[in-house]
Structure formats: C-alpha cells, structure tokens
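# Results of the structural survey
This is what each chain is made of:
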Amino acid sequence: MTYNKFRPILEKINEYLPEIEYIYTQTRVSDLRNKTVEELENLKELGLREISLGVESGDDWTLKRINKGYTSKDIIEQCQKLTDAGIDFWMSFLNGVSGREHSHEHAVNSAEIFSQCRPMLVGTGGLTLFPGTPLLKEAQMEITVEISKDNLLKFIEEHRDEFSNEEKKRIIKLLCQSERVYTDNARLVANVTDLIYFN
C-alpha cells in the first residue's frame, strides 16, 4: 500500500478512535520501497508503532526460489529505513522453504542478514504447501530437485536398517517416477536397490 493510501486510514483511526495509541501492521519488504524515512516517521506520529515483516529468508537463493521479489540487500536497506524512522519491527523465518539440501545455507545466511537488521525479535513458522505449487509436487515425491545423488546414496546407506519393507519398495518406486530429477535414473535406481537389499 502506498503512503498516500495508508496515511488517510491512520488519520481516520485517530479521528474515530482517539484512545488508540499503538497500531501494528503486517507487510512485505517490497512494500517499504515506495516510502521514504520521512513518510515512515509521519506514519509513526499517527500511531504506527510496530511492523511485522514477512521476510521468510535472508538467503538470496531461497528468496529467488520462492519468488519473493527482493534480495538480502533489499532487506537490509528497507529495515534500515524503519530503524531510522524509529518504528519497531520483527521478522519471520520460514522453516523448510529452501528444501532439504539447501537448509543449512538458508539458516546461516538468514541469521547473518537478520542480525544486521537488528529486529526486536524473529519469529519462525513451518511451511504450508498449497495445491498446484511446485513445492508441493516435490514434497509428494519425497525428493527435491536439489538433492544430489551422492547425498541420497549416503543417506540411504546410513539409514537402510531403519526402513521397513514397505518403505524400501516406496523408495524404489519414487525414484523410478523421477526421471526429470536424474538423467541417469536407471543407474541410480540400481545403486539404491543394491544398497537397500543386498548390503
């Protein structure tokens, strides 16, 4: 929402609910781009005291993956405007959104960016997968496109004794259905089958 649309809303709140002293709102990092520090200061004078930013990640690879429309540099720049305007803010971190293999980078890079921004707190939540989204399709296959063959084989070798016979069959079935994940899928299936059943 632009400043010119948001300000009249706060003015009406002040007019009809003068006892209100503290206004909280949720927004995106990209919604701060079109507001100057002076405009944010004006909004604070009208009662805006705290903003929740749905940042989700401070990792550029993850931000691009989920089409957030901004980078880690943008997060730092826009949060600095809030700090300069004296508006408190907190940030969200979304678990699971980067996929299994990139989760470490997602966590470490987010922590670095969030620390630079110095929010009043960081909240975390789990990932909700909606019908028709690529992330849901990956989850249903129980294998993400980023996972490497070496890591997959290592994981199976380390945990093969924990799999039930039904789980073993399901692993092979899922790999047979994932031709687009690996070009040499037949060889991978053979390797996994050997690990599960014959070692």
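Everything in this summary refers to the structure shown in the same document. Per chain, residues are indexed from 1 in the order of the written sequence. Local features are withheld for residues below a pLDDT of 70 in this predicted model, meaning they are given only at 70 or higher, and side-chain atom pairs are given and counted only at 80 or more; totals for whole chains, interfaces and linings count all residues. Note that water and hydrogens are dropped before the side-chain values are worked out from all heavy atoms of the structure.

### Things to note about the overall build of the chain
The condition that has to hold: Put simply, DSSP marks the helices as runs of H or I at least four residues long and the strands as runs of E at least two long, and each gets a number from the N terminus on. A 1.4 Å probe rolled over the protein chains alone gives each residue an accessible area, and that area as a share of the maximum for its type sets the label: buried under 20%, exposed over 50%, partly exposed in between. All accessibility values rest on the Shrake-Rupley procedure with a 1.4 Å probe; residue burial counts only the protein chains present in the view.
A tally of regular secondary structure across the chain gives 9 helices and 4 strands. Sorting the 199 residues of the chain into buried and exposed places 38% on the buried side. Total accessible area computed for the chain in this model is approximately 12,100 Å², and 52% of it derives from carbon and sulfur atoms.

### Some remarks on the sheet that holds strand 3 (residues 88-94)
Our working definition: Strands were regarded as paired on the criterion that DSSP finds at least two bridges between them. Helix axes are fitted to C-alpha atoms over the stretch in contact, other axes to C-alpha atoms as well, and angles between N-to-C directions run from 0 to 180 degrees. Contacts are assigned to residue pairs that have any heavy atoms within 4.5 Å of one another.
Pairing within the open sheet is parallel, and its 4 strands lie in the order 1-2-3-4. Looking at which strands have only one partner, the edges of the open sheet turn out to be strand 1 (23-27) and strand 4 (121-125). Ignoring strand direction, the axes of neighbouring strands in this sheet form an average angle of 25 degrees. In this sheet, strand 2 (residues 48-56) lies alongside strand 1 in parallel orientation, the contact comprising 5 bridges. When the bridges of strand 2 are listed, I23 appears paired with L48. Here helix 4 (residues 72-85) sits on the sheet and contacts strand 2 and strand 3; the angle it forms with strand 3, its principal contact strand, is near 155 degrees. Sitting on the sheet, helix 5 (residues 103-117) is in contact with strand 2, strand 3 and strand 4, with an inclination near 180 degrees to strand 3.

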